[in-house]
Amino acid sequence: MFLRFFTITLCVLTSLFTKAQTNSIIPKPVSLTEQNGFFTIDNNTSIQYNATHKNIAPAVDFFVNAINTISGYKLKVNSPSKNNIQLVLDKKLIPQEEGYQLSINAQGIKITANSYGGIFYAMQSVLQLLPQTRTNAKLIAPYMQATDYPRFKWRGMHMDESRHFFGPEVVKQYIDLMAMYKLNTFHWHLVDDQGWRIEIKKYPALTEIGAWRVNHNDKVWGNRPQAIAGEQPTYGGYYTQAQIKEIVAYAQIRNVTIVPEIEMPGHVASAIAAMPELSCTQLPQLPMTGGIYSNMSSNYCVGNEATYGFIENVLSEVIALFPSSYIHIGGDEVDKGPWKKCARCQARIKKEGLQNEEELQSYFIKRVERFIVSKKRKMIGWDEILEGGLAPEATVMSWRGETGGIAAAKMKHDVVMTPGSPCYFDHYQAGPEGEPLAIGGMNTLKIVYDYEPIPAELNSEEAKYVLGAQANVWGEYITTKEQLEYMVLPRMLALAEVLWSPKENKNWVKFNERLKYHFAGFEQKGLHFSPGNFTVEVKPIAENGKLTVALSSEITNASIRYTTDGSLPNTSSTLYSAPIQINASQVVKAVTVQNGKIMNLVPATQAFAMHSAIGATVKYVSAPYKGYMAGGINALTDGVRGKNTVGKFWHGFYENNIEATIDLGAEKNISKLTLGCIQSYRDWIFLPTAVRFEVSKDGLNFTEVGNVLNDISVNEQANTIKDFIATFPQTSVRYIRVKAIATRVCPKGHGGEGKPSWTFADELVVE
Ligand code: TNX
């Protein structure tokens, strides 16, 4: 399905695992010294531990099985042997939770740990040194001495199984991968609009109805038609309570805590399809098939007392299944519209003396927290739970950037950092040309690796409230197990190092070196992964009327080759060494070359349009949204035309018109103005209804030279770039003013109908 998956074999040397490598452990241990010599593990090896420490037994079984899988050897346990792996629990020697000491020498392997987690993680370090799949080779572990412990206690991976359901085997594999890289918290998103995935004995309809939908998986998420009565809901699935218990136990052995997320009070269209009485309108609805929300209720009615009874019953069953001290209650993206129109919700606002619907949400969340706390658990929710007042003991998961997390830490509340950039692994990691379709964004491996979870805004006292961080893997665009693997590998390894290793141990170049061994292991195990971001970044530098272009690639040990004549670059095209001067309208095409091979599926291609405004200063009435700044404030005049992907190139404006004035620096003769704009229906971006162009000699008195109307339908769903062009008799001007009139809201029938829309523009071409 994704070409990239099949190219991986070319890039990785499978022989890398023949020799054990102490310096290949990910995440990098706190300290490790390698010594000369090897310890051999075979059928004579015995694990020795104090049998009264019964809690270690599951880790012992785990290790025995792991060794058996790769070699066929059956390790002995607590039998006399000269070839020992000794396990010792000692909190004094290694005070850090989950920490361990590992020594491998002529006497054998000795693991000393603070707790179960430390024993298990020392075993993971040993296993990383051994072959990753079944082998007849000797199992040799290099002599070494390591002390290791985590920097953060919440080292998380999230997985959204509502949007697409994967099933127990995929979840177990995910937990295995987490365990291998010492990640300890699995945030399991089990409830959302498009599927309810956990059996609740008291309300069987939640899964009988809410877990199944009409299958439109062949279409892009936002374009999936809503279900029609009579169509068969054949796609979906859910976890029985028995399966959940088994998975929880499986995770426990691997030192992974599962934090279940039972989303509320929004994002619950699946529950409402099953039990319409839970919504404000109480009207029946069919399970959602994708991202079109029109005529759907997706909130609980929080005015209705019965809702609270329902939630408490659901949470009681959830709490009985999951030993986790945290229960995640979602709380994100609640559209308050339905509550404004609901008599019960309004009555509740009055009765409780609340100011507005934000406080109503806060009232709801606080009530749910009281219930969770009464069950001796802690509540965690997305950062929207800050709005209208934070519940007294809540932990905040900061996803809309770090602002919510910073605010919560300053209020002395615990925080888990999951900012969209770089923690959303549903975003692109390369390309996007040649990559599997993703929701948007660009979180490359390096961006993840460079992440620092403690924001500079927090002092050292406040920083203690940051428990750690987590990657979120939202499922709208992730339809298969293969794609899921591809999205998390290798970014999960970068995150693991961010969360485990001391900041000063991090090193991007060395991380890449170590990664090669892990890629070889993934390959042997048949896991799909991205070999790295080989994309060539083409960065125009427009200054003082001159245009140069810088090329770079994230990957280490590679060179860049390029052409400017339109031909496809090859391994002997010009080697890039310094920014290229662009003197005429031309196309730069560039590739990354590593070990004599072109690493890109598609070369980076960038056309440059020379025109009279290159490098000119742009002044906006209101600045573009900070997430859509393209290359900088002068992106409209950098000679680079926006392309079909919305994450780059374009200046994006939310709800507002675009109004910009360009100063050419001196009077120039011009007769044509072009403003490029894009419509990307699925991203809520629409073409402006009209673009007006004006010119001036003095920057004060402007004359209109064109008013161009849009002729493309707001319902056009394919990404469409339109040039708004004004031609006029040649005029000598210094200033140009352009105004694009925004549609302001998403059109009828769109998933975001009536909600604010975006307007995107790139390049104002002046000729
Ligand atoms: C926002 S992150 C959501 C999810 C979507 C995700 C897509 C969050 C708390 N809510 O429902 O799946 O964006 O990236």
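Residues numbered from 1 in each chain as written. Predicted model: local features only at pLDDT ≥ 70, side-chain atom pairs only at ≥ 80, totals over all residues. Heavy atoms only, no water.

A.B. asks: Tell me about the overall build of the chain, residues and numbers included.
C.D. replies: Across its full length, the chain holds 18 helices and 34 strands. Computed over its C-alpha atoms, the radius of gyration of the chain comes to 29 Å, within 12% of the 27 Å expected for a compact globule of 767 residues. With the C-alpha coordinates of the chain rotated into their principal frame, the extents come out at 100 × 70 × 55 Å. For the chain, the residues scored as buried account for 58% of the 767 residues in total. For the chain, the computed accessible surface area is about 30300 Å², with 52% contributed by carbon and sulfur atoms. Here the chain contributes 75 positive and 73 negative side-chain charges, whose respective centroids are spaced 5 Å apart. (Helix = DSSP H or I, 4+ residues; strand = E, 2+ residues; numbered from the N terminus. Rg over C-alpha atoms; globule rule 2.2 N^0.38 Å. Buried < 20%, exposed > 50% of the residue type's maximum accessible area, 1.4 Å probe, protein only. Areas by Shrake-Rupley, 256 points an atom, 1.4 Å probe, with all protein chains shown as cover. Lys, Arg positive; Asp, Glu negative; His and termini not counted. Charge placed at Lys NZ, Arg CZ, Asp CG, Glu CD.)

A.B. asks: Tell me about the pairing of strand β33 (residues 720-741), and please be specific about residues and values.
C.D. replies: Of the pairings in the sheet, the one linking strand β30 (residues 658-679) to β33 comprises 17 bridges and is antiparallel in character. Across the sheet, Leu 673 pairs through a bridge with Ala 726, a residue of β33. (Pairing = 2+ DSSP bridges.)

A.B. asks: Give me the packing of helix α10 (residues 343-351) against helix α11 (residues 357-374): which residues, what numbers.
C.D. replies: Here α10 crosses α11 at 80 degrees, and the two axes come no closer than 10 Å. Looking at the two axes, α10 sits roughly perpendicular to α11. Of the residues in α11, those in contact with Cys 345, Gln 346, Arg 348 and Ile 349 of α10 are Glu 357, Leu 360, Tyr 363 and Arg 367. Of the residues in the contact of α10 with α11, the class split is four nonpolar, one polar and three charged. (Axes fitted to C-alpha atoms, helices over the stretch in contact; angles between N-to-C directions. Parallel < 35°, antiparallel > 145°, perpendicular 65-115°, else oblique. Contact = heavy atoms within 4.5 Å. Nonpolar A, V, L, I, M, F, W, Y, C, P; charged D, E, K, R; others polar.)

A.B. asks: Describe empty space enclosed by the protein, naming the residues involved and giving the relevant values.
C.D. replies: Under the counting rule described, the total for this entry stands at four cavities of 30 Å³ or more. Roughly 50 Å³ of volume is contained in the largest cavity. Taken together, Val 170, Gln 173, Tyr 174, Leu 177, Lys 481, Leu 484, Glu 485 and Val 488 make up the lining of the largest cavity. (1 Å grid on protein atoms, 1.4 Å probe; cavity = no way out; pocket = protein on both sides within 12 Å on 5 of 7 lines; lining within 4 Å. Points joined across faces, edges and corners; volume = space filled by probe spheres on them.)

A.B. asks: An account of the side chain of Glu 435 is requested, with residue identities and associated values reported.
C.D. replies: On the secondary structure map, Glu 435 appears in the loop between α13 (420-423) and α14 (445-449). Reaching out from Glu 435, the side chain makes a polar contact with the side chain of Tyr 486 at a distance of 2.8 Å. (Polar contact = N/O pair within 3.5 Å; in protein donor to acceptor, adjacent residues only side chain to side chain.)

A.B. asks: Which residues make up the sheet that holds strand β16 (residues 378-382), and what values go with them?
C.D. replies: Two strands in a sheet stick together by hydrogen bonds in their backbones, pointing the same way (parallel) or opposite ways (antiparallel). One closed barrel holds the eight strands; their spatial order is β8-β9-β14-β15-β16-β17-β18-β19, and the pairing between them is parallel. On average, each strand axis in the sheet is inclined to that of its neighbour by 30 degrees, with strand direction left out of account. Taken together, the three bridges between β16 and strand β17 (residues 395-398) define a ladder with parallel strand orientation. Residue pairing in the sheet places Ile 380 in a bridge with Thr 395 of β17.

A.B. asks: Let's hear about the state of the cysteines: which residues, and what values?
C.D. replies: What the rule picks out here adds up to zero disulfides. Looking at Cys 677, it has no disulfide partner, and the nearest cysteine sulfur is the one in Cys 746, 16 Å off. With relative accessibility at 3%, the residue Cys 746 sits in the buried group. (Disulfide = S-S within 2.5 Å.)

A.B. asks: Before we move on, could you go through the site of the ligand and cite the residues and values that matter?
C.D. replies: In the vicinity of the ligand, the residues found are Arg 163, His 267, Asp 332, Glu 333, Trp 382, Trp 399, Tyr 424, Asp 426, Ile 439, Trp 474 and Glu 476. Asp 426 is positioned with one of its side-chain polar atoms (N or O) 2.8 Å from an oxygen atom of the ligand. A distance of 2.6 Å is found between an oxygen atom of the ligand and a side-chain nitrogen or oxygen belonging to Glu 476. Among the residues making up the shell around the ligand, the classes are represented as five nonpolar, one polar and five charged. (Near = heavy atom within 4 Å.)

A.B. asks: Just give me the short version of the pairing of strand β14 (residues 257-264), but keep the residues and values in it.
C.D. replies: Counting buried positions along β14 gives seven out of eight residues, so the element sits mostly inside the fold. Of the pairings in the sheet, the one linking strand β9 (residues 185-189) to β14 comprises five bridges and is parallel in character. Counted as the bridge partner of Thr 185 is Thr 257 from β14. Of the pairings in the sheet, the one linking β14 to strand β15 (residues 326-330) comprises two bridges and is parallel in character. Bridging across to β15, Met 264 finds its partner in Gly 330.

A.B. asks: An account of the domain arrangement of the chain is requested, with residue identities and associated values reported.
C.D. replies: Once the domains are mapped, the chain shows domain 1 (3-148), domain 2 (154-474), domain 3 (534-607) and domain 4 (609-767). Distance between the C-alpha centres of domain 1 and domain 3: 44 Å. (Domains from an automatic or database assignment.)

A.B. asks: Which residues make up the pattern of salt bridges, and what values do they have?
C.D. replies: Under the definition given, this model contains 31 salt bridges. The salt bridge involving Asp 160 is made with Arg 163; its shortest N-O contact spans 2.9 Å. Its salt-bridge partner being Arg 737, residue Glu 694 comes within 2.8 Å of it at the nearest N-O pair. Remark: Arg 737 occurs in strand β33 and Glu 694 occurs in strand β31 (residues 690-696); sequence separation between them is 43 residues. The exposure class assigned to Glu 694 is buried, which follows from its relative accessible area of 12%. We classify Arg 737 as partly exposed; its relative accessible area is 25%. Salt bridges sharing partners connect three or more residues here, namely Glu 305, Arg 348, Lys 351, Glu 352 and Arg 367. (Salt bridge = Lys/Arg side-chain N within 4 Å of Asp/Glu carboxyl O.)

A.B. asks: Talk me through α10; I want residue IDs and the actual numbers.
C.D. replies: For α10, the full list of buried residues reads Cys 345, Arg 348 and Ile 349. Buried residues in α10, looked at end-on, bunch into an arc of 100 degrees, giving them a common side. In α10, the exposed positions that point more than 90 degrees away from the buried face belong to Ala 343, Lys 350 and Lys 351. Elements in contact with the buried residues of α10: α8 (305-321), α9 (337-340) and α11. Gly 353 lies just past α10 and shows a positive phi near 65 degrees. (Arc of directions from axis to C-beta.)

A.B. asks: Lay out the environment of Leu 177 in plain terms, naming residues and giving numbers.
C.D. replies: Inspection of the secondary structure assignment puts Leu 177 in helix α4 (residues 168-180). Exposure remark for Leu 177: the relative accessible area of 6% places this residue in the buried category. Sequence spacing of Leu 177 and Ile 329 is 152 residues, and the spatial spacing of their C-alpha atoms is 26 Å. In contact with Leu 177, not counting residues within four places along its chain, are Leu 489, Met 492, Phe 522 and Leu 527.

A.B. asks: Account for helix α2 (residues 57-71), with residues named and values stated.
C.D. replies: For α2, spanning 15 residues, the distance from its first C-alpha to its last is 21 Å, which sits close to the expected 21 Å at 1.5 Å a residue. Buried within α2 are the following residues: Ala 59, Val 60, Phe 62, Phe 63, Val 64, Ala 66, Ile 67, Ile 70 and Ser 71. Where α2 terminates, the next one or two residues include Gly 72, which has phi positive at roughly 85 degrees. (Expected span 1.5 Å × (residues − 1).)

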